[in-house]
Amino acid sequence: MYDTFIGLEIHIQLLTKTKVFCGCSNNYGDEPNTNVCPVCLGYPGTLPVLNTDALFMAYQVVGALKCKRAEAAIFERKNYFYPDMPKNYQISQFADPVGINGEVIFPFQGEEHRVRIHDVHLEEDAGKMIHAGDMSLLDYNRAGTPLLEIVTEPDLRSGEETEAFLRYFRTLVRTIGVSRGNMEEGNLRCDANISINTHGAGLGTKVELKNINSSRFVRLALEYEKERQIGIVEAGGSVDQETRLWNENKDITVVMRRKEESKDYRYFPEPDLPPYRPGEDFFRRVEESLPELPLDRQKRMEAAFSLTDEQASYLCEEKARADYFEAAVAAGSEAQHLYFWMSGDLAALVNKSGTPLEESRLSPEKLATVLRLLDNGAIHGPIAKKMVALLFEEEHDPEGLIAERGWKALDDTSKILPIVKKAVDANPSAAEQLKQGETKVLGFFMGQVMKETGGRADPETAKALITSYVKGEIV
Amino acid sequence: MSDAALFGWSSTAEYCTYLDENDKKVGAFLSRTGADEFQSALERSRSEASDRSPLRGMPFAVKDNIAVKGLPLSCGSKMLETLSSPYSATAVEKLQQAGAVVVGKTNLDEFGMGSSCDNSALGTTHNPWDVARVAGGSSGGSAAAVAAGMVPFALGSDTGGSIRQPAAFCGTYGLKPSYGVVSRFGLVAYASSLETIGIISLDAQLLRTVFDIMRGQDPKDQSSRPFSPQASEKRQGEKPRIGVITDIEGLAPAMESAYRERLDLIRKKGYEIVEIELPMLEYVVPAYYTIASAEASANLARYAGIRYGHRTDWADEHSELTEKSRDEGFGDEVKLRILLGTYVLRSGFKDQYYLRAQKIRTLLRNEILSAFQKVDQILSPVFPTAAFPHGDAGLDQFQQKLADKFTATANLAAIPALAFPAGQSEGLPFGLQLLGPEFSEHKLIDTASEFTELWEPKTAPGFREWR
């Protein structure tokens with residue numbers, strides 16, 4: 001009986017080498033105030049110079065979001081006072097953003113949902129304040145780094161849907177390669193506007209939620225806020241237009257500004273930056289640089305490799321992962337088998353080492369070789385796991401490793417049986433338990449055998465021998 | 001190379017003594033390069049600059065709103081009294097590469113806002129012709145330094161006439177180049193879309209040399225443009241057709257008669273003079289002040305007592321820190337323009353003021369450009385009066401603003417303009433101004449040199465010739 005309307009203002013930090021209006025490094029996490037110069041500190045007499053790499057990335061996003069692009073980049077000054085903003089105005093875009101009227105199609109609960117994009121604009125970031133006791137410290141390393149703001153129409157309907165949208169949006173910007181898109185690291189920041197109204201009555205009074213720094217908090221905050229607003233209306237009240245903050249310790253939203261102060265940014269054209277016309281060649285390079293969008297790729301991979309929705313979605317979440325998968329398939333791997341390894345052992349290795357898959361020593365071709373060796377019985381599962389772990393870290397030839405380390409599969413009964421006998425004989429009580437039908441103990445004996453053979457024993461053969469020997473079927 | 005090569009001085013020391021003595025009377029400089037530094041800069045210039053460079057070893061002065069690395073950049077304000085610039089303006093760097101040497105930073109109306117140089121918070125500059133009178137503004141220090149013979153040329157900045165008006169008051173040439181032809185990098189911003197770095201000199205050929213060295217597109221200034229004079233060189237070799245503005249209402253009587261006498265002289269020498277009308281001139285002053293103040297309100301917002309410049313002794317919070325620092329650091333004229341600029345950009349008022357001023361600017365530019373279809377250059381007065389006395393006896397602030405209509409036109413239209421000495425009237429220098437289409441700087445200098453041959457501009461008392 002209620003409709004919910006959620007719109008987002010998303011800021012992404014662009015991955016340029018240098019800041020948007022000067023040559024300072026755009027590296028995150030350096031010593032405070034080391035990536036600064038007279039220009040980004042707003043020294044008297046300095047002038048901004050547009051970094052065309054930042055503009056290139058902005059237009060990539062404009063293209064990926066299917067926006068109508070502006071033929072010229074036009075900047076304005078947005079005037080407001082903030083201690084960490086060196087010039088006390090921000091160079092931003094207002095009347096003529098780089099892109100308008102776009103859309104994002106994203107997967108949600110097995111369906112395709114659509115969010116319209118109001119506009120995309122390029123601007124400079126402010127610095128950072130650090131409050132230490134009664135002192136306020138300022139770090140200007142971030143001042144002047146390129147920010148791209150993406151404003152959506154209020155097309156989202158729930159916290160869950162918004163979370164799914166943001167997750168997809170993150171994948172999208174990472175796929176294009178313009179941003180790390182990480183909310184926790186602050187290179188994707190998001191404010192949300194939410195209103196509710198009785199079904200069919202249109203937008204309600206909106207509340208702005210600020211500083212939500214994880215996609216989970218986005219969901220929690222919006223769900224809380226939706227219920228809060230419905231509660232007010234149910235009780236006969238009306239929602240105040242205000243700005244609220246998510247309190248992550250109490251899981252509630254709290255008031256930040258009661259009444260929306262009417263902000264007057266006094267925008268006017270930035271006289272230091274005449275309209276910049278990138279030209280046809282630039283726009284052609286932007287178009288050529290755009291990769292297949294994640295959802296398109298997901299659908300194509302589902303069909304091409306008979307993957308489930310979930311499997312393809314997992315692979316396409318990171319462009320590098322999907323690229324890896326396709327390269328390994330091209331090298332001869334069977335898709336399901338490959339998926340099983342990538343989402344299992346390889347994901348664990350990536351997690352443990354912190355090394356992204358594409359940066360490891362294990363090329364898609366080598367993984368394909370390991371899977372082939374496994375398939376044709378040259379090695380067994382446990383050896384394959386060992387091999388993959390080793391190849392992930394070090395440079396080796398998979399086939400050479402088998403000879404080098406003596407990893408060839410062992411399925412000769414006459415070689416395995418003595419080892420089985422030894423293990424069972426040394427553990428009579430366990431053998432008795434297995435005999436009574438306690439199958440758990442089988443795993444213990446398998447472990448002993450694998451330990452003794454260095455994982456080379458064929459598991460099926462070993463299992464059969466253990467069972468038979470315990471039961472006295474062989475002696 | 002010996003000290004004697006310093007353009008007619010027997011030694012650097014003799015030159016420095018002359019500067020010290022003379023500046024006690026004139027007060028052109030806010031700061032001077034130390035004698036040792038000056039000497040080593042001279043030596044560096046002689047060893048590094050090409051011996052063909054006409055500027056090698058030549059001293060020059062720089063208005064104190066243009067950055068020179070390691071020197072103060074006070075802008076004539078208490079706000080920046082303690083600031084030492086960490087970098088140099090592109091224009092200054094180019095001149096230094098050509099061998100010119102900075103001798104000091106000159107006085108100005110605070111942040112370039114004013115027409116007398118009396119709006120400086122840091123010093124008083126007197127007109128070398130009569131120390132009871134102002135040098136003009138805002139580049140008054142630069143004009144006075146040149147007129148007194150302390151430097152052969154000086155850099156100034158021109159937002160609405162700030163080079164040409166003091167040049168006229170002091171009897172020198174003053175060039176405001178086409179917008180964007182000289183890089184603004186290093187010029188402390190007052191009204192970015194109007195202002196440009198320019199030159200004050202008593203020698204027209206030196207003015208040309210300095211201009212040719214300073215100009216050029218600068219990767220550090222995206223509003224800079226390449227100098228392309230082709231557009232204005234159609235009537236090669238012929239005498240330029242001169243347009244004169246008939247609407248010269250408001251000129252002081254002595255100025256008006258001097259102006260008419262000069263016109264007669266010019267006409268008699270065979271120049272074709274065509275009367276033109278520029279009805280938009282009436283709106284120049286309000287449009288200029290609206291745009292300049294709007295831009296100033298943003299440009300000066302950075303002076304908040306946080307990173308550099310004046311900071312109040314104590315404040316409990318950020319807004320108080322900003323308020324007190326700005327209140328203590330800025331003079332009244334600066335505060336007035338910031339408030340005015342903030343007002344004209346306010347939502348609800350923007351259409352009525354700022355956007356309307358921009359429309360006037362476009363109309364004025366179109367009007368001027370169509371005038372240049374009929375004439376090659378436009379001759380006009382620079383300012384309605386000669387140098388006025390300091391203090392209450394002079395023009396009040398409002399009258400000074402109204403008087404900017406002849407000069408601010410060129411800034412609104414982004415075209416070059418040159419003030420040149422037109423002789424004396426009642427013992428004070430009298431200047432005229434030539435306006436030309438974009439990139440016609442060389443032709444303006446040619447015409448002005450020809451005109452000045454028609455009369456005998458004198459130099460100020462105490463002036464010493466440069467060789």
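As a reminder, the structure under discussion sits directly above these lines.
Q: Which parts of the structure should I look at to understand the side chain of Ser162 of chain B?
A: Structurally, Ser162 of chain B can be placed in the loop between strand S6 (153-158) and helix H5 (164-170). In this structure Ser162 of chain B touches Lys63, Gly112, Gly114, Gly137, Ser138, Ser139 and Ser157 of chain B, once residues within four positions along its chain are discounted.

Q: Whenever I open this one, the packing of aromatic side chains confuses me. Can you help?
A: For any two aromatic rings, the description comes down to two numbers: the centre-to-centre distance and the angle of the planes. All names here are of chain A. For the structure on display, the rule yields 36 aromatic pairs over all chains. An angle of 80° between the planes, with centres 6.1 Å apart, marks the rings of Tyr59 and Phe282 as edge-to-face. Of this pair, Tyr59 sits in helix H1 (residues 52-64) while Phe282 sits in helix H4 (residues 279-289), placing them 223 residues apart in sequence. For Tyr59, a relative accessible area of 2% gives the class buried. A relative accessible area of 5% places Phe282 in the buried class. With a centroid separation of 6.4 Å and 65° between ring planes, the pair formed by Tyr224 and Trp246 is classed as edge-to-face. Taken together, the positions of Tyr224 in helix H3 (residues 215-234) and Trp246 in strand S12 (residues 243-247) put the pair 22 residues apart, joining distant regions of the chain. What makes Tyr224 partly exposed here is its relative accessible area of 28%. Residue class for Trp246 comes out buried when judged on its relative accessible area of 10%. The ring of Tyr265 has Lys78 lying over it, and the distance from NZ or CZ to the ring centre is 4.3 Å.

Q: Looking at this structure, I do not really get the sheet that holds strand S12 (residues 417-425) of chain B. What am I missing?
A: The strands that make up a sheet pair up through hydrogen bonds in the backbone, lying either parallel or antiparallel. Residues and elements named next belong to chain B. Read across the sheet, 11 strands follow the order S1-S3-S2-S6-S8-S7-S12-S13-S11-S9-S10 without closing on themselves; strand pairing throughout is mixed. Both outer strands of the open sheet, strand S1 (29-32) and strand S10 (273-276), are each paired with one neighbouring strand and no more. Averaged over all pairs of adjacent strands, the angle between their axes in this sheet comes to 30°, without regard to strand direction. Across 3 bridges, strand S7 (residues 173-176) lies against S12 in antiparallel orientation.

Q: Please clarify how the interface of chain B and chain A should be interpreted in this entry.
A: Interfaces are often sized by the amount of accessible area the parts lose when they come together. Taken together, the 39 residues of chain B in the interface contact 33 residues of chain A. With both chains or domains summed, chain B and chain A bury close to 2,800 Å², and 59% of this area falls on carbon and sulfur atoms. Together, Gln222, Arg302 and Arg307 of chain B form the three largest contributors to the area buried by chain B at its contact with chain A, with a combined 25%. Counting every contact that joins chain B to chain A gives 1 salt bridge. The salt bridge involving Asp272 of chain A is made with Arg184 of chain B; its shortest N-O contact spans 3.0 Å. Summed over the shared surface of chain B and chain A, the number is 17 residue pairs in polar contact (both at pLDDT 80 or more). For the side of chain B that touches chain A, the elements supplying multiple residues, two or more each, are helix H8 (284-299), helix H9 (318-329) and helix H10 (332-345) of chain B. By residue number, the principal contributor to the side of chain B that touches chain A is H8 of chain B, which donates 4 residues.

Q: Would you take a moment to explain unusual backbone geometry for this structure?
A: What is expected of a backbone is that most residues other than glycine have negative phi and most peptide bonds are trans. That bond from Gly137 of chain B to Ser138 of chain B is cis: its omega, 0°, falls within 30 degrees of zero. Backbone geometry places Asn88 of chain A, a non-glycine residue, at a positive phi of 65°. Its relative accessible area of 3% is what places Asn88 of chain A among the buried residues.

Q: What should I look at first to understand the state of the cysteines in this one?
A: Put plainly, a disulfide is one covalent bond tying together the sulfur atoms of two cysteines. Summed over all chains, the structure comprises 0 disulfides over all chains. No disulfide involves Cys170 of chain B; its sulfur sits 9.0 Å from the nearest other cysteine sulfur, which is in Cys117 of chain B.

Q: Looking at this structure, how should I read the sheet that holds strand S6 (residues 111-124) of chain A?
A: Residues and elements named next belong to chain A. The strand order across the open sheet built from 9 strands is S2-S5-S6-S9-S1-S10-S11-S12-S13, with neighbouring strands paired in mixed fashion. Taken across any chain shown, the strands that pair with only one partner, and hence form the sheet edges, are strand S2 (68-69) and strand S13 (252-257). Pairing of strand S10 (residues 188-198) with strand S11 (residues 207-212), which is carried by 4 bridges, proceeds in the antiparallel orientation. Bridge pairing links Cys190 to Ile212 in S11. Sitting on the sheet, H3 touches strand S1 (2-13), S10, S11, S12 and S13, and the angle it makes with S10 is about 25°.

Q: Would you explain the nonpolar core in this entry?
A: Side chains of nonpolar character tend, in soluble globular proteins, to be buried together. One finds Phe111, Phe153, Leu155, Leu379 and Phe451 of chain B to be the most contacted residues of the largest nonpolar core, which totals 151 residues. Sort the elements by how many residues they give to this core and H8 of chain B lands first, with 8 residues. Discounting chain neighbours no more than four positions away, the residues touching Phe111 of chain B are Cys75, Ser77, Leu80, Val188, Tyr190, Leu300, Tyr303, Phe330 and Val334 of chain B. Formed by 70 residues, the second largest nonpolar core is a distinct cluster that contains Ala54, Phe56, Phe165 and Cys190 of chain A.

Q: I'm lost on the packing of helix H6 (residues 309-316) of chain A against helix H7 (residues 319-330) of chain A in this one. Help?
A: Between two packed helices, both the angle of their axes relative to each other and the distance between the axes serve to describe the pair. Residues and elements named next belong to chain A. H7 packs onto H6 with a crossing angle of 115° between their chain directions and a minimal axis gap of 6 Å. Compared by their axis directions, H6 and H7 come out roughly perpendicular. Contact residues: H6 offers Tyr314, Leu315 and Cys316, while H7 offers Lys319, Arg321, Ala322 and Phe325. Looking at the contact of H6 with H7 residue by residue, the class counts come to 5 nonpolar, no polar and 2 charged.

Q: I would appreciate a short explanation of the pairing of strand S13 (residues 428-435) of chain B in the present structure.
A: Residues in a regular strand point their side chains to alternate faces of the sheet. Residues and elements named next belong to chain B. Among the 8 residues that make up S13, 8 are buried, leaving the element largely enclosed by the rest of the structure. One ladder, built from 7 bridges, connects S12 with S13; its direction is antiparallel. Note that in S13 the partner of Leu418 across the bridge is Leu434. Once S12 ends, the chain turns through 2 residues before running back antiparallel as S13, passing Glu426 with a positive phi of about 55°.

Q: What exactly am I supposed to notice about the pattern of salt bridges here?
A: Two side chains bearing opposite charge may form a pair once their charged atoms approach each other closely. Scanning the model with the defined rule gives 55 salt bridges over all chains in all. Among the ionic pairs, Glu225 of chain A bridges to Arg228 of chain A, the shortest N-O distance being 2.7 Å. Here Arg228 of chain A and Glu225 of chain A lie together in helix H3, a separation of 3 residues that amounts to about one turn. Here Lys105 of chain B makes a salt bridge to Asp64 of chain B, at a shortest N to O gap of 2.8 Å. Of this pair, Lys105 of chain B sits in strand S3 (residues 101-106) while Asp64 of chain B is found in the loop between strand S2 (59-63) and helix H3 (90-97), placing the two residues 41 residues apart along the sequence. As far as the burial class goes, Lys105 of chain B and Asp64 of chain B line up, both buried.

Cut-offs used in this document
Residues numbered from 1 in each chain as written. Chains lettered and ligands numbered in written order. Predicted model: local features only at pLDDT ≥ 70, side-chain atom pairs only at ≥ 80, totals over all residues. Heavy atoms only, no water. Helix = DSSP H or I, 4+ residues; strand = E, 2+ residues; numbered from the N terminus. Contact = heavy atoms within 4.5 Å. Phe/Tyr/Trp six-rings, centres within 6.5 Å; stacked < 30°, edge-to-face > 60°. Buried < 20%, exposed > 50% of the residue type's maximum accessible area, 1.4 Å probe, protein only. Lys NZ or Arg CZ within 6 Å of the ring centre and 35° of its normal. Pairing = 2+ DSSP bridges. Axes fitted to C-alpha atoms, helices over the stretch in contact; angles between N-to-C directions. Buried area = accessible area lost by both parts, 1.4 Å probe. Salt bridge = Lys/Arg side-chain N within 4 Å of Asp/Glu carboxyl O. Polar contact = N/O pair within 3.5 Å; in protein donor to acceptor, adjacent residues only side chain to side chain. Disulfide = S-S within 2.5 Å. Core = buried A, V, L, I, M, F, W, Y, C linked by side-chain atoms within 4.5 Å. Parallel < 35°, antiparallel > 145°, perpendicular 65-115°, else oblique. Nonpolar A, V, L, I, M, F, W, Y, C, P; charged D, E, K, R; others polar.

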